[in-house]
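# Understanding the architecture of this molecule
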Amino acid sequence: MGKISKPLLFWYYNSARDLPWRVVKDLHPNPYFVWVSEVMLQQTGVKTVIPYFQRFIQAFPTVDVLAKANQDQVLSLWQGLGYYSRARNLHAGAKQIVAMGEFPQTAIELLKIKGIGPYTSAAIGSISFGETIPVVDGNVKRVFSRLFCLEEKGQALHDRAFELSLAEIESSPGDYNSALMDLGATVCSPRNPQCEICPLKLNCCAFKAGCVLDYPKKIEKKPMPTKYGIVAWVEKDGELLIRKREQGILKGLYELPWDEVEKTDYDKIDSDFVKHTFTHFHLYLKIVRTKKIQEGQFILFESLKDYPFSTLMKKILKKFRL
DNA sequence: GACTCGTGGGC
DNA sequence: TGCCCAAGAGT
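Starting from 1, residues in each chain are numbered consecutively following that chain's sequence as written. Labels follow written order: the first chain is A, the first ligand is 1, and so on. In keeping with the model being predicted, local features are shown solely for residues with a pLDDT of at least 70 and side-chain atom pairs are shown and tallied solely at 80 or more, while totals for entire chains, interfaces and linings include all residues. For the side-chain quantities, the full set of heavy atoms in the structure was used; hydrogens and water were omitted.

Moving on to the protein's contact with DNA strand B. Taken together, 20 residues lie near DNA strand B, and Tyr84, Lys222, Leu250, His276 and Thr279 sit nearest. Here a residue counts as near a molecule or strand whenever at least one of its heavy atoms sits within 4 Å of it. Of everything in DNA strand B that lies within 4 Å of the protein, sugar and phosphate atoms constitute 63%. Each polar contact in these results corresponds to two N or O atoms within 3.5 Å; when the atoms are within protein, one needs to be able to donate a hydrogen and the other to accept it, and residues that are neighboring in sequence are counted only if both atoms are side-chain atoms. Between Leu81 and DNA strand B, the recorded distance is 3.4 Å, taken from a backbone N or O atom to a base nitrogen. Within the contact set of DNA strand B, a phosphate oxygen lies 2.8 Å away from a backbone nitrogen or oxygen of Thr311. Residues that form the surface near DNA strand B fall into these classes: six nonpolar, 12 polar and two charged. Under this grouping Gly is polar, as are all residues other than the nonpolar Ala, Val, Leu, Ile, Met, Phe, Trp, Tyr, Cys and Pro and the charged Asp, Glu, Lys and Arg.

See the structure below:
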């Protein structure tokens, strides 16, 4: 026990200083910024997050400003980032914190905030408040899985990584946790790990056994279904018909009206279609220009930028707008 | 515990 | 190209 903390922190302080994300975090050490960044980083790459993070904190520099914003503003700054419940929950969480009077300063207290779970509470607690608590994400699980040749996967691996990481914390828990994640993201990566330059290679079970790519053990996943739908492109007096999604996937975002149909309603997939892949299904949408008025609101084309749209809808707007 | 919830990078 | 996957949380 306690064998990886020192070489890990040494690597972090000497080799990871110029990582793009490290620079951003050092510039914005307060808990609100850490919170925003950690939520954006959930299931999302650093490279993708950075520009969104910069725009977001510029528009909403404090919790109070975010709490007072309206949902369309918040979602507009989240357009294209995906997992929009993160934005809705972040917004709700800001209102919660303002109502509480002060920013929660322990992982236990942070867990009460909407959208803050085990990962985010531990990240904010350790990075912003120096709390001794391990952060467990996909990177940490992969690093420990390889370090100790762990056979567990899923939740069992999560629990093992938590215990093992906790036992390794010696000092600077925030830096330690950040170092572990940065190591996993850059050196101990899923596909092409750079074991030669890894500060932990002499401690690594999988490296010494020559089976790094065998860990972590994979979880078998189900095949994704394919769905189909018809989009109504309705124009009237230079305006376009849109509506707001009130539930389910992409909730809170706007869209051109569309309904799901059976595949047998189509003869062939041609240029009238747009394909988009979500987390757990593929979607083919056929765009049909029509005059038939549906439920929704007409807005000027110039006003489209004022409404949050998903990447799917942006794809359709770009392709079919004359 | 299983399912829902997006998107773009990288190979 | 198509597939894997990425700093999770809510239900």
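Because an α-helix packs 3.6 residues into every turn, residues spaced three or four apart end up facing the same way. Per-residue accessibility, obtained with a 1.4 Å probe over protein chains only, is compared with the maximum for each type, and a residue is labelled buried under 20%, exposed over 50%, and partly exposed between these values. Runs of E in the DSSP output that reach at least two residues are strands. Runs of H or I that reach at least four are helices, and both are numbered from the N terminus. Where helix α1 (residues 5-15) is concerned, the buried positions are Ser5, Leu8, Leu9, Trp11 and Tyr12. Each buried residue of α1 sits inside an arc of 155° when the element is viewed along its axis, so together they form one side. Across α1 from its buried face, at more than 90 degrees, point the exposed residues Lys6, Phe10 and Asn14. Of all possible arcs, the one meant is that of the directions from the helix axis to the C-beta atoms.

Here we come to the state of the cysteines. In this description, the term disulfide denotes a pair of cysteine sulfurs within 2.5 Å. A full pass over the atoms with the stated rule returns one disulfide. Between Cys149 and Cys205 runs a disulfide, and the two sulfur atoms are separated by 2.2 Å. Between Cys149 and Cys205 the disulfide shows an S-S torsion of about -105°. By sign, it is left-handed. One end of the pair, Cys149, is in the loop between α10 (138-147) and α11 (154-168); the other, Cys205, is in helix α13 (residues 205-209), and 56 residues separate them in sequence. Its sulfur unpaired, Cys188 is 6.2 Å from the next cysteine sulfur, which belongs to Cys198. With relative accessibility at 14%, the residue Cys198 sits in the buried group.

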